[in-house]
Amino acid sequence: MNIMLKRCHRALLFIIFSFIFSSAGAQKFALVDMEYILKNIPAYERANEQLNQVSKKWQAEVEAIQIEAQTLYKNYQNEVVFLSQEQKKTRQDAIVKKEQEAAELKKKYFGPQGELFKKRTALMTPIQEEVYSAVRDIADMRGYQLVLDRASDQGIIFGSPKIDISNEVLSKLGYSN
């Protein structure tokens, strides 16, 4: 099923690109490799490293609380036969509270609007905007109507190096290639 979807996706992309290219006439196109460009920007690599460091730190905090919850649960299991109903309830509540604490911390750090998302946005957006601005400037200067990212689109089977402007983008940004 998955292979069939990929084939349909590729066929659809082929039809769309065929239509674009056949009706385009004298329109100009270019390719960029965003992955290549970003890997050659030191600030992007530093930002990625910073995100990895903070992510590991936060993951360790979450895991420490999860281990505390597991320890409470194991101790509870070992001692449950000796506990009164009130003690059982107290221990169960403590376990649940610790598990909730871990879940809340995980959500705070790694949730859809969590701290990691915010930090990634703060660090990466300025770099990405600078790259997009350089691509847009080059496209305007050279008259490109369409610039495709060869790194993110599986529909591009071949792109001539003659229309790849990745090194030109890096040069515009002040990075040697």
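Residues numbered from 1 in each chain as written. Predicted model: local features only at pLDDT ≥ 70, side-chain atom pairs only at ≥ 80, totals over all residues. Heavy atoms only, no water.

Novice: How should the overall build of the protein chain be read in this particular structure?
Specialist: In terms of helices and strands, the protein chain carries 6 helices and 2 strands. Along the protein chain, helices (α) and strands (β) appear in the sequence α-β-α-α-α-α-β-α when read from the amino end. The long-range share in the protein chain, meaning contacts at least 24 apart out of those at least 6 apart in sequence, stands at 75%. Summing over all exposed atoms, the protein chain offers an accessible surface of approximately 12400 Å²; the carbon and sulfur share of this is 55%. (Helix = DSSP H or I, 4+ residues; strand = E, 2+ residues; numbered from the N terminus. Contact = heavy atoms within 4.5 Å. Areas by Shrake-Rupley, 256 points an atom, 1.4 Å probe, with all protein chains shown as cover.)

Novice: Just to check I follow, could you spell out the environment of Gln92 for this structure?
Specialist: Looking at the secondary structure, you find Gln92 in helix H4 (residues 85–110). Classification of Gln92 by relative accessible area gives partly exposed; the value is 37%. C-alpha separation for the pair Gln92 and Leu72, spaced 20 residues apart in sequence, amounts to 8.8 Å. (Buried < 20%, exposed > 50% of the residue type's maximum accessible area, 1.4 Å probe, protein only.)

Novice: What is the right way to look at the pattern of salt bridges in this model?
Specialist: Note on pairing: side chains with opposite charge can pair once their charged atoms come close. For the structure shown, the criterion picks out 9 salt bridges. For Lys57, the salt bridge is made with Glu61, and the minimal N-O distance between the two is 3.9 Å. Linking Lys57 with Glu61, this pair stays in helix H3 (residues 42–79), spanning 4 residues, or about one helical turn. A salt bridge links Asp93 to Lys89; the shortest N-O distance between them is 3.1 Å. Separated by 4 residues within a single helix, Asp93 and Lys89 lie in helix H4, roughly one turn from each other. (Salt bridge = Lys/Arg side-chain N within 4 Å of Asp/Glu carboxyl O.)

Novice: So what exactly am I meant to see when it comes to the nonpolar core here?
Specialist: In summary, soluble globular proteins display a tendency toward joint burial of nonpolar side chains. The biggest cluster of nonpolar side chains holds 29 residues, and the ones touching the most others in it are Val32, Ile37, Ile41, Val131, Ile165 and Val169. Secondary structure elements with two or more residues in this core: strand E1 (28–32), helix H2 (34–39), H3, H4, helix H5 (115–142) and helix H6 (166–173). Ranked by the residues each element gives to this core, the list is headed by H5, at 8 residues. Not counting the four nearest positions on each side in its chain, Val169 is found in contact with Val32, Ile37, Val131, Ala134, Val135 and Ile138. (Core = buried A, V, L, I, M, F, W, Y, C linked by side-chain atoms within 4.5 Å.)

Novice: Before we go on, may I ask you to explain the confidence of the model for the protein chain in this structure?
Specialist: Detail in the predicted coordinates should be disregarded across regions flagged by low pLDDT. Residues at a pLDDT of 70 or more form 80% of the protein chain, whose mean pLDDT is 84. Low pLDDT, under 50, characterises residues 1–6; the stretch is placed with 0 contacts to residues that sit more than four places away or in other chains. (pLDDT = per-residue confidence, 0-100.)

Novice: Could you clarify how one ought to interpret H3 in this entry?
Specialist: The α-helix advances 3.6 residues per turn, and as a result positions three or four apart in sequence lie on the same side. Relative to the 56 Å expected for 38 residues at 1.5 Å per residue, H3 spans 55 Å between its end C-alpha atoms, a close match to the ideal helical length. Where H3 is concerned, the buried positions are Tyr44, Ala47, Leu51, Val54, Trp58, Val62, Ile65, Ala69 and Tyr76. Check the buried side of H3 and you find it contacts H2, H4 and H5. (Expected span 1.5 Å × (residues − 1).)

Novice: Would you mind showing me how to read the packing of H3 against H4 here?
Specialist: Helix-helix packing is characterised by the crossing angle of the two axes and by the distance between the axes. Closest axis-to-axis distance for the H3/H4 pair is 9 Å, and the angle between their directions is 165°. Between H3 and H4, the crossing angle belongs to the class labelled roughly antiparallel. Note on packing geometry: the crossing formed by H3 with H4 is left-handed. (Axes fitted to C-alpha atoms, helices over the stretch in contact; angles between N-to-C directions. Parallel < 35°, antiparallel > 145°, perpendicular 65-115°, else oblique. Left-handed = near helix turned anticlockwise from the far one by under 90°.)

Novice: Even after reading the chapter, I still don't get H4, so can you show me in this structure?
Specialist: Spanning 26 residues, H4 covers 37 Å between terminal C-alpha atoms, matching the ideal 38 Å at 1.5 Å per step. Listed as buried for H4 are Ile95, Lys98, Ala102, Leu105 and Tyr109. Each element contacted by the buried residues of H4 is listed here: H3 and H5.

Novice: Before we go on, may I ask you to explain the environment of Ser171 in this structure?
Specialist: By the element assignment, Ser171 lies in helix H6. Looking at Ser171, the relative accessible area reads 44%, which means it is partly exposed. Sequence separation of Ser171 and Ala134 is 37 residues, and the distance between their C-alpha atoms is 9.4 Å.

Novice: Just checking my understanding: could you explain the side chain of Ser166 for this structure?
Specialist: As for its placement among the helices and strands, Ser166 is situated in helix H6. A distance of 2.7 Å separates a polar side-chain atom of Ser166 from the backbone nitrogen of Asp33. (Polar contact = N/O pair within 3.5 Å; in protein donor to acceptor, adjacent residues only side chain to side chain.)

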